[in-house]
Amino acid sequence: MTTAPLNQDMEQQVRPQRRTGGKKAPSVYLWNPVTIALLSLLFTPVFGSVMHMLNWRTLEQAELARQSLWWALAGAVILLGNHIFSALLPEAMVVDTYTVSLLVLYVGSWFILPARSQVRYVREQFAKGYGHKSWKLVLPLALAGCLGYVLLGFLLAYLADLIR
């Protein structure tokens, strides 16, 4: 008796069960990269980078998945750095100016470089279509992440006030 690797088990759990009406089932299931990019306007490119990383892993593109991870980590550092510096130096508007400028540069670069490349790759490689993974788990997790980020900001500001 053989057992499937863990990655295949996870893929089967994420893969939605759809009727194909006698058609051949899609060879790959992905989250739509265009939808990811649009949702990144709401959830930041940190969200988009993580989602693209998961798509690259599904497509067995390890180097591109690693690059997406680095984009996600860079965005997280910018966002968390903004909270930390704002809590430590609330009167310094320079901090907010720098972090907002850095975030705008990050967002623009992310859309031009990795987001666009995945959209192009998927369109070229899967011109006849691909299966779509469900957003049912992803979107609530993204909302929870946004709520956690806001609460972290309040917590850091509160702790900074206690220290002063």
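For the structure itself, consult the block above.
Predicted, not measured: the structure shown is a model, and the values here were computed from it.

Novice: Quick one: what's the story with the overall build of the chain, residue by residue and with numbers?
Specialist: Broken down by element type, the chain carries five helices and two strands. Overall, the chain shows an N-to-C arrangement of helices and strands of α-β-α-α-α-β-α. Expressed as a percentage of its 164 residues, the buried residues of the chain come to 30%. Considering only intrachain contacts with a sequence separation of at least 6, the fraction spanning at least 24 residues in the chain is 76%. Of the accessible surface of the chain, which amounts to about 11200 Å², a share of 67% is contributed by carbon and sulfur atoms.

Novice: Tell me what's going on with the packing of aromatic side chains, and back it up with residues and numbers.
Specialist: Going through the model one piece at a time under the given rule, you end up with six aromatic pairs. An angle of 55° between the planes, with centres 6.4 Å apart, marks the rings of W31 and W135 as tilted. One end of the pair, W31, is in the loop between β1 (29-30) and α2 (33-58); the other, W135, is in the loop between β2 (131-132) and α5 (138-163), and 104 residues separate them in sequence. Both residues of the pair, W31 and W135, count as buried. Between W56 and Y121, the aromatic rings sit 5.1 Å apart at their centres with planes inclined by 65°, giving edge-to-face as the arrangement. Taken together, the positions of W56 in helix α2 and Y121 in helix α4 (residues 93-125) put the pair 65 residues apart, joining distant regions of the chain. Of the residues examined, W56 reaches a relative accessible area of 3% and is grouped as buried. Among the residues examined, Y121 registers a relative accessible area of 22% and is labelled partly exposed.

Novice: So what's going on with the packing of α2 against helix α3 (residues 62-88)? Residues and values would help.
Specialist: One can describe the packing of α2 onto α3 by two numbers: an axis separation of 8 Å at closest approach and a directional angle of 165°. With respect to their mutual orientation, α2 and α3 come out roughly antiparallel. Judged by the twist between their axes, the crossing of α2 over α3 is left-handed. Across the interface between the two elements, T44, V46, S49, V50, H52, M53, W56 and R57 from α2 touch L64, A65, S68, L69, W71, A72, G75, A76 and L79 from α3. Residue classes in the contact of α2 with α3 are distributed as eleven nonpolar, five polar and one charged.

Novice: So what about the pattern of salt bridges? Which residues, and what values?
Specialist: Taken as a whole and assessed by the stated rule, the structure comprises one salt bridge. Among the ionic pairs, R66 bridges to E63, the shortest N-O distance being 2.5 Å. Here R66 pairs with E63, and both are found in helix α3, just three residues apart, close to one helical turn. Residue R66 is classed as partly exposed on the basis of its relative accessible area, which comes to 41%.

Novice: Any details on unusual backbone geometry? Residues and values, ideally.
Specialist: A positive phi angle, close to 75°, is found at T44, a residue other than glycine. Here E60, not a glycine, exhibits a phi torsion of approximately 60°, which is positive. Mapped onto the elements, E60 comes out in the loop between α2 and α3.

Criteria and cut-off values
- Residues numbered from 1 in each chain as written.
- Predicted model: local features only at pLDDT ≥ 70, side-chain atom pairs only at ≥ 80, totals over all residues.
- Heavy atoms only, no water.
- Helix = DSSP H or I, 4+ residues; strand = E, 2+ residues; numbered from the N terminus.
- Buried < 20%, exposed > 50% of the residue type's maximum accessible area, 1.4 Å probe, protein only.
- Contact = heavy atoms within 4.5 Å.
- Areas by Shrake-Rupley, 256 points an atom, 1.4 Å probe, with all protein chains shown as cover.
- Phe/Tyr/Trp six-rings, centres within 6.5 Å; stacked < 30°, edge-to-face > 60°.
- Axes fitted to C-alpha atoms, helices over the stretch in contact; angles between N-to-C directions.
- Parallel < 35°, antiparallel > 145°, perpendicular 65-115°, else oblique.
- Left-handed = near helix turned anticlockwise from the far one by under 90°.
- Nonpolar A, V, L, I, M, F, W, Y, C, P; charged D, E, K, R; others polar.
- Salt bridge = Lys/Arg side-chain N within 4 Å of Asp/Glu carboxyl O.

Note that every value here comes from positions in space, so none of it alone points to a role or purpose.
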